[in-house]
Amino acid sequence: MKTQQSFAQRAWAFIKGNPIVIMLALLSIAVGCFVDNFFSLDNLNNLLCNTTIRFLIALGVSGCLITKGTDLSAGRQAALAATLTGVMVQRADYASKLFPWMPEMNMWLVLLIVLAVGAAIGTATGVIVSYLNVPPFIATLGVQTIVYGINLIYTNAQPIGGFSDGFKDFFNGKILPMGSFKGFNGYILFALLFGLLFWFMYNKTTHGKYIYAIGGNENAAEVSGVNVRVRKTIIYMTAGIMYAFAGFLLTGKSGGASASMGVSYELEAIAGCTIGGVSTTGGIGTVGGMLIGVLVFELLKIILQFVGADPNFNYIVQGLVVISAVAMDIRKYVAKK
Amino acid sequence: MSEYRLEMRGVCKSFPGVKALDHAQLCLRPGKVHALMGENGAGKSTLMKCMFGIYKMDEGEIYYEGQKVTIKDPMEALNMGIAMVHQELQPIPARTVGENIFLGRYPMKKFLGFIPVVDHDKMYADTDELLKKVRMNFDSHQKVGELSVSQMQSVEIAKAVSANCKVLILDEPTSSLTANEVEALFRIIEDLKADGVSIVYISHKMDEILRISDEVTIMRDGQYIGTWDSQGLTTDFIISKMVGRELTNLYPEKHNTPGEVVFEVENFTSINPKSFRNVSFNVRKGEILGVGGLVGAQRTELMEGLFGIRSHTTGTIRYQGRELTVDRPKDAIDHGVAMLTEDRRATGIMGVLSVADNISVASLKQYLDLGFVINNGKVENLVKDNVHKMNIKTPSSKTQIQSLSGGNQQKVLVGRWLANDPDVLILDEPTRGIDVGAKYEIYCIIEELARSGKSIIMISSEMAELIGMSDRIMVMCDGRVTGFVDGKDATQENIMELATRFETV
C-alpha cells in the first residue's frame with residue numbers, strides 16, 4: 001500500500017496544500033527586490049514583534065477552534081489585562097494616577113493578578129459554554145461586550161500612563177533579555193516559550209489528546225471517558241490566561257494602555273489559525289501551522305505597508321485572505337468526490 | 001428499445017489510493033427488484049452514488065431506456081426518474097411531512113394574482129394522497145422529527161414516488177426496522193413493482209433478499225462477479241460468491257465456561273417513564289449474556305444508562321458485591337466497565353483523528369512517563385498489538401480512521417476498550433454494518449474475551465447471532481425485561497414470544 005513519494009511529489013503536495021503561504025513567500029521576495037530595507041534585520045524584528053502578541057492570542061484561541069468553538073472576546077480580554085497592568089504599575093507620584101490610593105506594585109505580582117483575572121474570565125466563559133450550553137459564538141460575543149464595558153467604566157475611558165521604573169526597565173532592555181538582543185527584541189522569546197509549551201500540551205499530554213478527541217467527535221470523546229465539560233472549561237480558562245499575558249506584554253511594549261486596545265485581535269488570531277491549517281470542522285490543527293499562519297498574516301500587513309498602500313486597504317486584503325484560506329481548507333474535504 | 005430500464009457498464013471509479021469500482025456493471029429490468037450484494041467495501045454504495053450523480057465515474061457508460069446518458073448531479077438523476085432512499089435518512093426534523101416531501105418543488109399559486117406563494121392546501125392534499133399510496137396513515141402536518149424511523153423511511157419513499165420515479169434505490173432500508181415494519185415496506189415494494197418501477201435493493205440480510213428480489217447482482221472488491229435469478233439461490237451460494245471462498249463456520253466454537261455471578265443490576269429505572277424500568281439481571285464471570293428484543297425495546301437505552309450516558313432514577317449496579325456509582329461514562333470506565341456503542345459514527349470513531357489517537361483515547365493514562373508525558377512508543381506498541389491480534393487492516397497508525405472500512409473501524413474501537421482491560425464489556429450491536437468475513441473475526445474476539453474470564457453483555461438484533469453467540473439471552477420488550485432463555489434452548493420462536501410480550505393496558 002505504501003508508496004515512496006519522490007521529493008518533487010512531496011514538494012508539489014506542499015505547494016498544493018499551502019497556496020497562501022507560497023503566494024506570500026513569492027510576494028515578499030518580489031517586494032524585497034524592489035523596495036529597500038524590506039530584507040533588513042529591523043524589519044524582521046518588527047515582523048516578529050507584531051507576530052508575538054497575535055501568536056500568543058492565537059495559541060489561546062486554538063483550543064476553542066479545535067473543539068469547534070471560537071472565542072470572540074480575545075481582543076477585549078487582552079485590553080482589560082492591558083489596562084489592569086497599567087493601573088497597577090502606575091508610579092505612586094504620577095500626577096493623573098487613576099487610583100491614587102493604590103501603592104506601586106511589584107510587576108511580577110501584577111502579572112500574577114492579571115493572569116488570575118484572565119483565568120477567572122476564561123473560566124466563566126467556559127462554564128457558560130459547557131454547562132449552560134450556550135453556543136461559543138454567542139457566549140463569547142456576550143463576554144466580549146461585557147468585558148469591554150467593564151474596561152471602559154473603571155478606566156473612565158482614559159488612557160493610562162506613568163509606569164514605574166521597574167516595569168519600564170524590564171521592557172526597555174535594562175534587564176536581560178527583554179531589550180535588544182543582537183538587534184532583536186527579547187520578548188520574541190515569549191512566543192517561542194509558549195509555542196513550545198502548547199506544542200507539548202497538544203502532543204504529549206492527555207489534556208491535548210482530549211482536546212483533539214473532543215474536536216474529532218464530542219460524543220465519542222464523552223463515551224470514551226473524557227469529561228467534556230471540564231475539558232472545555234479548562235480550554236477557555238487557558239485561553240483567558242493567554243489573552244491576559246498578551247495584554248500584559250502589550251502594555252509593556254507600548255508604554256501605555258487604554259480600553260480601546262486589542263480591537264479585532266481575536267479575528268486576526270482566528271484568521272492566522274485558519275490560514276495555518278486549523279480546520280473549521282474540528283479536530284485538526286498544529287502549533288507550527290498556527291505560527292506560520294500568524295506570521296503570514298503579519299507579513300501581509302508589512303508588505304502592504306512597504307508598497308505604500310493606504311492602511312485602510314489592509315482590512316479589505318485581510319478579509320479576502322481569510323475567506324480564501326477557509327474556502328481552500330474546505331475544498332480539501334469537498335473535492336474528494 | 002432495450003429490455004433494460006437502466007444499464008451501467010464498465011464503471012470504474014478511483015479514490016486516492018483505492019480503486020473503489022473496477023469495471024462494475026448493473027442492469028435493471030422494469031418492474032423487478034434487483035438485489036445488489038457484496039461485503040462492505042465491495043463498492044455497492046459507490047456504484048449507486050455514481051448512478052445518482054453524487055460521484056463522477058472515471059470510466060463507463062450509463063444507458064437509460066436504451067439511450068446513453070450522463071448524470072452530472074442528483075437533480076439530473078431525479079429529473080430522469082431515479083430516486084434514492086439513503087442508508088442514513090436525511091429529513092429535516094423540524095418541518096412537516098408535507099414540507100419534507102415537496103422540498104425544493106413546492107406547489108405554487110399566485111397570491112393577489114401575481115405574487116407567487118406556496119400552495120399549502122394543495123401540498124398537504126397531495127401528501128395525504130401519497131401517504132395513502134405507501135399505505136401509511138399518519139398526518140401530513142406532523143413534524144418529521146416526531147416520526148419513528150420506519151415512518152421517516154416511508155416519507156422518503158413517498159417522496160420518491162411523488163417524483164414519479166422509474167428507478168428506486170433502497171440502501172439498507174431495513175437496518176433499523178422491526179419485523180412488522182419490514183412487512184409494511186415489502187408491501188410498498190410489491191405495489192411499486194406492479195407499477196413497473198425498477199428497484200435496487202441493497203441489504204446484508206439474506207432472508208430478505210431471497211424473499212423480495214427477482215435478480216441478484218453480486219460484487220466483490222469493486223468488481224462485478226455476476227447476476228443470478230433469485231429463484232433457487234441459497235444463502236451459502238451468495239455468501240461464497242460475496243467472500244470468494246466457502247464459508248463453513250458462521251460462529252466460532254465456544255469454549256468459555258461461565259463462573260460465579262459478578263455483575264448485578266437491580267431495579268434499574270430510567271428518568272424517562274417511557275424508557276427502561278425495574279430492570280434486574282446479572283452476568284457471570286466468563287459469560288456472554290445476549291440481549292434481544294425488538295427495536296424500541298429500550299435495550300440500548302438501558303445499556304447507556306448502566307454506562308452513565310443516560311440518567312437513571314433508582315437502581316443499583318454491583319460488581320463482585322461492591323456497589324458502583326455511575327453518573328457519567330468516566331465513572332463506569334473507572335469501575336472496569338466498557339461499552340462499544342451502537343452508532344459507530346455518532347459515538348464511536350473520531351473520524352479525522354488517527355488510528356493511534358482513536359485506539360488510545362480511553363486509556364491514555366497508561367502511557368504516561370513521569371505521570372504526565374505521553375510516551376508515543378507505548379501508544380505505538382498498543383496499535384501494533386491490536387493490529388496483529390485482531391488483524392486490523394490499516395496502512396499505518398497515523399492513518400485517519402475514517403478511511404478504514406467499517407469492520408476495521410469496529411476492531412479499532414474494540415481495541416480502544418480492551419486497552420483498559422475491563423471486567424465487564426457491553427457490546428451494542430457489535431457487528432452492525434460489518435461484512436461477513438469481519439463479523440466472524442469479531443465473534444472470535446468476543447468468544448476469546450469470555451474465555452479469558454470477562455463478562456460480556458451483547459445487544460443484537462440479529463436473531464441468528466444472538467442464538468449463535470450467547471450463553472444466556474435476556475429479552476426485553478417496551479422497557480421491561482420479559483424473560484431469560486438459556487442459549488442451548490433458544491429458538492427464534494421463544495425469543496420472539498418474549499420480545500412481543502407487551503403489557504396489556
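What you are looking at is a predicted structure, and each value in this text was computed from that prediction instead of being measured. (Residues numbered from 1 in each chain as written. Chains lettered and ligands numbered in written order. Predicted model: local features only at pLDDT ≥ 70, side-chain atom pairs only at ≥ 80, totals over all residues. Heavy atoms only, no water.)

(A) Quick look at the overall build of chain A. On a plain count of helices and strands, chain A comes out with 14 helices and two strands. Its C-alpha radius of gyration of 21 Å places chain A within 12% of the 20 Å reference for a compact globule of 337 residues. The dimensions of chain A, computed from C-alpha atoms along their principal axes, are 70 × 55 × 35 Å. Out of the 337 residues in chain A, the part that is buried amounts to 52%. Intrachain contacts of chain A at a sequence separation of at least 6 include 77% that bridge at least 24 residues. Total accessible area on chain A stands at roughly 15600 Å², and carbon and sulfur atoms take up 67% of it. Separation between the mean location of the 22 positive side-chain charges and that of the 14 negative ones in chain A comes to 13 Å. (Helix = DSSP H or I, 4+ residues; strand = E, 2+ residues; numbered from the N terminus. Rg over C-alpha atoms; globule rule 2.2 N^0.38 Å. Buried < 20%, exposed > 50% of the residue type's maximum accessible area, 1.4 Å probe, protein only. Contact = heavy atoms within 4.5 Å. Areas by Shrake-Rupley, 256 points an atom, 1.4 Å probe, with all protein chains shown as cover. Lys, Arg positive; Asp, Glu negative; His and termini not counted. Charge placed at Lys NZ, Arg CZ, Asp CG, Glu CD.)

(B) Focus on the sheet that holds strand β16 (residues 312-319) of chain B. Residues and elements named next belong to chain B. Across the sheet, which stays open at both edges, the four strands sit in the order β14-β13-β16-β17 with antiparallel pairing between neighbours. Unpaired on one side and paired on the other, β14 (279-284) and β17 (322-324) mark the two borders of the sheet. Taken pair by pair, the neighbouring strands of this sheet meet at an average axis angle of 20°, ignoring direction. Bridge count between strand β13 (residues 261-270) and β14: five bridges; the pairing is antiparallel. Bridging across to β14, Val265 finds its partner in Phe281. (Pairing = 2+ DSSP bridges. Axes fitted to C-alpha atoms, helices over the stretch in contact; angles between N-to-C directions.)

(C) Seen up close, the side chain of B:Thr127. Residues and elements named next belong to chain B. Mapped onto the secondary structure, Thr127 falls in helix α4 (residues 120-133). Only 2.7 Å separates the side chain of Thr127 from the backbone oxygen of Met123, close enough to count as a polar contact. If we skip the residues at most four places from it in the chain, Thr127 touches Val97, Gly98, Ile101, Phe102 and Ser140. (Polar contact = N/O pair within 3.5 Å; in protein donor to acceptor, adjacent residues only side chain to side chain.)

(D) Summary view of the interface of chain A and chain B. If you look at the interface, chain A gives 26 residues, while chain B gives 36 residues. Summed over the shared surface of chain A and chain B, the result is two salt bridges. Of the charged contacts, one joins B:Asp357 and A:Lys209 as a salt bridge, the two residues approaching to 3.0 Å between their closest N and O atoms. Every element with two or more residues in the side of chain A that touches chain B is listed here: α8 (188-204), α9 (206-216) and α10 (218-223) of chain A. (Salt bridge = Lys/Arg side-chain N within 4 Å of Asp/Glu carboxyl O.)

(E) A look at the sheet that holds strand β21 (residues 424-428) of chain B. Residues and elements named next belong to chain B. Within the open sheet, the six strands sit side by side as β18-β21-β22-β15-β23-β24. Their pairing is mixed. Across the chains shown, the open sheet's two edge strands, defined by having one partner strand only, are β18 (337-340) and β24 (480-486). Taken over all neighbouring pairs, the strand axes of this sheet differ in orientation by 20° on average, direction set aside. Taken together, the six bridges between strand β23 (residues 472-477) and β24 define a ladder with antiparallel strand orientation. Along β24, the bridge assignment pairs Met474 with Phe484. Along the sheet face, helix α15 (residues 436-451) touches β15 (288-293), β21 and β22 (455-459) and points at about 145° away from the line of β22.

(F) Molecular detail of the packing of aromatic side chains. Applying the stated criterion across every chain, the model contains 15 aromatic pairs over all chains. Here A:Phe194 and A:Phe245 contribute two aromatic rings whose centre-to-centre distance is 4.9 Å and whose plane-to-plane angle is 45°, an arrangement assigned as tilted. Separated by 51 residues along the polypeptide, A:Phe194 in helix α8 and A:Phe245 in helix α11 (residues 228-254) bring together distant segments of the chain. A:Phe194 sits in the buried class, given a relative accessible area of 16%. Considering the side-chain rings of B:Phe268 and B:Phe276, the 5.7 Å spacing of their centres and the 10° angle between planes classify their relative orientation as stacked. Each member of the pair, B:Phe268 as well as B:Phe276, carries the same accessibility label: buried. Through successive ring pairs, a cluster of aromatic residues spans A:Phe99, A:Trp101 and A:Tyr154. When the ring centre of A:Tyr265 is taken as origin, the NZ or CZ atom of A:Arg54, which lies over that ring, is 4.3 Å away. If you follow A:Arg76 out to its NZ or CZ, it ends over the ring of A:Tyr148, 3.6 Å from the centre. (Phe/Tyr/Trp six-rings, centres within 6.5 Å; stacked < 30°, edge-to-face > 60°. Lys NZ or Arg CZ within 6 Å of the ring centre and 35° of its normal.)

(G) Representation of the nonpolar core in the model. Membership of the largest hydrophobic core comes to 148 residues, with the highest contact counts inside it found for B:Phe263, B:Phe281, B:Leu302 and B:Met303. No other element matches α11(A), which puts twelve residues into this core. Within the second largest apolar cluster, 47 residues are counted, among which are B:Met152, B:Cys165, B:Tyr201 and B:Ile209. (Core = buried A, V, L, I, M, F, W, Y, C linked by side-chain atoms within 4.5 Å.)

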